[in-house]
Each structure stands twice: as C-alpha cells, then as structure tokens.
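One letter stands for each residue in the lines below.
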Amino acid sequence: MDQLVVGAGVPLSDVQWARIESFLPNRTPRWGGRWCDHREVINAIAFTFQTGTQWVRLPERYGTGGVSATGTRGSSPR
C-alpha cells in the first residue's frame, strides 16, 4: 500500500511521484540554467514542512546549498 504523506526524510514513493509528475513544468527552461530535479525539490519542501528546518539548512542529500526559489542549484546569497 502506498504511504499517504511524505514524512521527514522519507522521499516520495514511485506511485506518489507518478501522480504529480505530469503537473510539473518541463525541466528544460526557455532561458537561464538547468533546473533541479523536481522530485528532489518536492522531497526538500516536504522535509522542511515536516521538520520546520530552514530552507538554507537542508541536509546535503537535497544538494549543496539547498535549492533556491528559482529552482536552480546554488548557495543562498545571504
């Protein structure tokens, strides 16, 4: 049985991902750099929601420096 929610540190299951993937934009932007993996971003959002962790303090498994509001990789400017 598929889990109902994503818990702290528990990534989306393949079934959950299949349900939402088609609603997300194409990862190839019309301008700018390459976007991050949408699944990784959703998992990071769920982690911050479940734990109350600040976005810039995400664990390394979500990437170096977290994911900025633009959806691209990089360190926070602050």
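Computed from a predicted model, the values in this text were never measured in an experiment.

With that out of the way, let us pick up the overall build of the chain. The number of helices and strands found in the chain is two helices and zero strands. By residue count, 24% of the 78 residues in the chain fall in the buried class. Considering only contacts in the chain between residues 6 or more positions apart, those separated by 24 or more positions represent 33%. For the chain, the exposed area adds up to about 5,900 Å²; of that, 57% sits on carbon and sulfur atoms.

With the rule as written, the count across this model stands at one salt bridge. Linking Asp14 and Arg39 is a salt bridge whose minimum nitrogen-to-oxygen distance equals 2.9 Å. One end of the pair, Asp14, is in helix α1 (residues 14-20); the other, Arg39, is in helix α2 (residues 38-51), and 25 residues separate them in sequence.

Glancing now at the side chain of Thr48. Within the secondary structure, Thr48 sits in helix α2. Residue class for Thr48 comes out buried when judged on its relative accessible area of 16%. Filtering out sequence-adjacent residues up to four positions away, Thr48 remains in contact with Thr53, Trp55 and Leu58.

Turning our attention to α2. The terminal C-alpha atoms of α2 lie 20 Å apart, and with 14 residues this matches the ideal 20 Å at 1.5 Å per residue to within 8%. Buried within α2 are the following residues: His38, Val41, Asn43, Ala44, Ala46, Phe47 and Thr48. On its buried face, α2 sits against α1. Phi turns positive, to about 80 degrees, at Gly52, one or two residues after α2.

For the chain, mean pLDDT is 74; residues scoring 70 or higher make up 64% of the total. Note on residues 73-78: pLDDT is under 50 here. Beyond four places in sequence and across chains, it has twelve contacts.

Now for the environment of Gly63. Relative to the helices and strands, Gly63 is located in the segment after α2. On the accessibility criterion, Gly63 (15% relative accessible area) is buried. C-alpha of Gly63 to C-alpha of Glu40: the two residues are 23 residues apart in sequence and 8.7 Å apart in space.

Thresholds applied
- Residues numbered from 1 in each chain as written.
- Predicted model: local features only at pLDDT ≥ 70, side-chain atom pairs only at ≥ 80, totals over all residues.
- Heavy atoms only, no water.
- Helix = DSSP H or I, 4+ residues; strand = E, 2+ residues; numbered from the N terminus.
- Buried < 20%, exposed > 50% of the residue type's maximum accessible area, 1.4 Å probe, protein only.
- Contact = heavy atoms within 4.5 Å.
- Areas by Shrake-Rupley, 256 points an atom, 1.4 Å probe, with all protein chains shown as cover.
- Salt bridge = Lys/Arg side-chain N within 4 Å of Asp/Glu carboxyl O.
- Expected span 1.5 Å × (residues − 1).
- pLDDT = per-residue confidence, 0-100.

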